[in-house]
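# Descriptive structure summary
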Amino acid sequence: MEKKIILQTNNIVKYFHEPVKFKALKDVSFEIKESEFLTITGKSGCGKSTLMYILSTMDSDYEGELFIDGKKISGQSQDQLAMIRNKNIGFVFQFHYLLPEFTCLKNIMIPALKLGVKSYEQIEYEAYQKLELLDIKDQALKPASKISGGQQQRVAIARALINDPKIIMGDEPTGNLDSKNAKVVLDTFKELSQEGGQTIIVVTHDTDFAKKSDRTIVMADGEIIDYGY
Amino acid sequence: MKVNTDIAQTHLKSNKKQTMLASMGVTVGIGVFIFMISLVVGFNRNSDEGFFKTTPHIRIFQEDKLSQPLLNIVDTNVSPIIINPTISNLSSTLLNPSKIISDLKNEEDVVTATEHVSVSLFYNNGHSQITGQASGVNIIEANAMFDIESTMLAGDIQNLVSTPNGIIIGVGIADKFNIQLNDNISVISAVGVSKILKVVGVFSTSNAALDESKSYVNLPMSQQLLKQNSSYVTDIFVNIKDPNKAVAYTDHLEKITGYNAEDWQTANEAAMASKKTRRVMFGAISLAILLVAAFGIYNIINMTVKEKLNDIAILKAIGFSGKDVLSIFLKETFLIGLIGTSLGLILAYVLIKAVSGIYIGGNIGYFPIWIEPEVFIMGAAIGMFITLMAGYIPARSAAHIDPIEIFRK
Ligand SMILES: Nc1ncnc2c1ncn2[C@@H]1O[C@H](COP(=O)(O)OP(=O)(O)OP(=O)(O)O)[C@@H](O)[C@H]1O
Ligand SMILES: [Mg+2]
């Protein structure tokens, strides 16, 4: 069975104007199929993060088109983009961006509370499930600022999963983790794409990590030089 | 509970010190603001009450006029000239005063209307003489208007009703002449009528000049002193429901009576000017205090936003819109405003209670300040408004933060 295309870009061009005009992305066009586990690699400064910010809808200042789940994303209002992010995209950063004043549990619950579809109790229950999945249930009620780096990263992944988004994105999510923790993350992503049917797009420098994914895109100087097919 | 509210509360709770500091700013601002305004309102009420002891809300009288030419010449090339124009005092009486009074009493806004005859006279005792002014009144009605009873030192206003040749004198006159209740006093009017009157009461107001010159006599007695008949009346005093509307109401009364009408504020122009000055001065001071409080709030919310750049970026990354971020910070400001304003109301209450217990003495008595519900409501509204305005500026800049810029750092 031919799988459906979940994310597609057409000729994306991104300029930076400061300090000098600089073309960071040059005609980037590619597509990703549903439940694919895709990694993106390339030399430092080739434009991977720049591309991820566009794919995640946080950056809307570019030329070209972005489609997610068949819907055109380019040109939508900031409010609509926020809603799309909330519902369809889970993002994991290199640094474990959690809200330090909230418990781990609350950090995970917040995107679901924002979505406002399920009851508080249901969300809390599901948050515990995600914590269990990532093997950090015992940390649930600690403040997010008082757990280790690897634990924080797993909480961040749990948060990215809470709304069961179609796409999970990560910008070097294992960049700051030791090999053991990195493996936990890698296994989680693999499992999600294989069993959960979720699409994973991860930027990584780790070649082992890239090898274990379904496909690896290689970038250089703002262009894709290898589509990984 | 909505998630935005939840986040706002968590921010405030985990920064208790800052929250309290910001609230205290509002508290002091609102507390002092309400206290100051209450001071002004108290002072003004006190001085207004002073006016109304002697001045009616509106006085209706016949203004002296210069003699006018009989012919009304329309031709612009010719001007009528009167050589030696004089004031014609034929008409200083109001015609048919009882009709005017019954007309006035039919007016919806008029509370009381009473006749008054003003008599210039001398009080005599042996060789000493005091110039003064007697008011010929219906003492019962005049009392209803000026609450003369409350100023009585000796005697009773009822005694004037039963004593046609009675007089109620100011305590200054009584002291100078060493006159006591039921003694006689001789008076001579400006038109030369002299009478021996019986002192049936002594009053003391807060105004020493008044106490040394003023007296009350019965209306017929005043007419006799002026050699006038019983329909002679110089003024009609009118009290209306809301004295603050007196200025606007005078025009209406001039129209229905056909005579001049003067409101109490015009009659006490000098005092009104100082009242206005007081209001402007205190208003400016309280406004300055509020501005300082507002600046404090602005600073603290601004600081919170700066500290929370990361949080804001994360929230935006996980799907909170600019509007959500704005609402989170506005909610924080609102809660700070709510805490601060509530404590400010309590502070104002305590200040006013404390000051109103201070005894000044003299004609003021206790410090003239009261808990004015309107001032409290206004203070609370202004407090919340200013807090929200001060918080809105940094909250809006938080809403516009671009998360990518934060993540790139
Ligand atoms: N805000 C910016 N203003 C100007 N130039 C920028 C900005 N952000 C990135 N760039 C430039 O765009 C290019 C791509 O940057 P990007 O961060 O996407 O690289 P990257 O592939 O993620 O690198 P790394 O592997 O080191 O994270 C770089 O040359 C960088 O200098
Ligand atoms: Mg990068």
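Above this text you will find the structure in question.
This report concerns the structure included in the present document. (Residues numbered from 1 in each chain as written. Chains lettered and ligands numbered in written order. Predicted model: local features only at pLDDT ≥ 70, side-chain atom pairs only at ≥ 80, totals over all residues. Heavy atoms only, no water.)

### Describing the sheet that holds strand β9 (residues 215–220) of chain A
Residues and elements named next belong to chain A. In space, the six strands of this open sheet follow the order β6-β7-β8-β3-β9-β10, with mixed pairing throughout. Where the open sheet ends on each side, the last strands, each with one partner, are β6 (89–92) and β10 (223–226). Within the sheet, the average angular offset between the axes of one strand and its neighbour, ignoring direction, is 25°. Its contacts with the sheet put helix α2 (residues 78–88) on β6 and β7 (167–171), and the angle it makes with β6 is roughly 80°. (Pairing = 2+ DSSP bridges. Helix = DSSP H or I, 4+ residues; strand = E, 2+ residues; numbered from the N terminus. Axes fitted to C-alpha atoms, helices over the stretch in contact; angles between N-to-C directions. Contact = heavy atoms within 4.5 Å.)

### Quick notes on the interface of chain A and chain B
Of the residues lining the interface, 21 residues belong to chain A; the matching set on chain B comes to 26 residues. Surface buried jointly by chain A and chain B totals about 2200 Å² across both partners, of which 64% is contributed by carbon and sulfur atoms. Summed over the three residues of chain A that lose the most area to chain B, namely Tyr97, Glu101 and Lys114 of chain A, the buried surface amounts to 28% of that side. In this assembly, chain A and chain B are joined by four salt bridges. With a closest N to O distance of 2.5 Å, Lys323 of chain B and Asp79 of chain A form a salt bridge. Counting across the chain A and chain B interface gives seven residue pairs in polar contact (both at pLDDT 80 or more). Breaking the side of chain A that touches chain B down by element, the ones donating at least two residues are α2 and α3 (104–115) of chain A. Here the side of chain A that touches chain B takes five residues from α3 of chain A, the largest share from any one element. (Buried area = accessible area lost by both parts, 1.4 Å probe. Salt bridge = Lys/Arg side-chain N within 4 Å of Asp/Glu carboxyl O. Polar contact = N/O pair within 3.5 Å; in protein donor to acceptor, adjacent residues only side chain to side chain.)

### Notes on the site of ligand 1
Around ligand 1, the structure places 14 residues, and the nearest of them are Ser44, Gly45, Lys48, Ser49 and Thr50 of chain A. Among the chains of the assembly, those with residues near ligand 1 are chains A and B. For ligand 1, a nitrogen atom lies 3.2 Å from a polar atom in the side chain of Arg408 of chain B. Burial of ligand 1 by the surrounding chains reaches 68%, relative to a free accessible area of 630 Å². Those elements giving two or more residues to the shell around ligand 1 turn out to be β2 (22–33) and α1 (48–55) of chain A. Element by element, the count of residues in the shell around ligand 1 is highest for α1 of chain A, at three residues. For the shell around ligand 1, the per-class residue count stands at four nonpolar, six polar and four charged. (Near = heavy atom within 4 Å. Areas by Shrake-Rupley, 256 points an atom, 1.4 Å probe, with all protein chains shown as cover. Nonpolar A, V, L, I, M, F, W, Y, C, P; charged D, E, K, R; others polar.)

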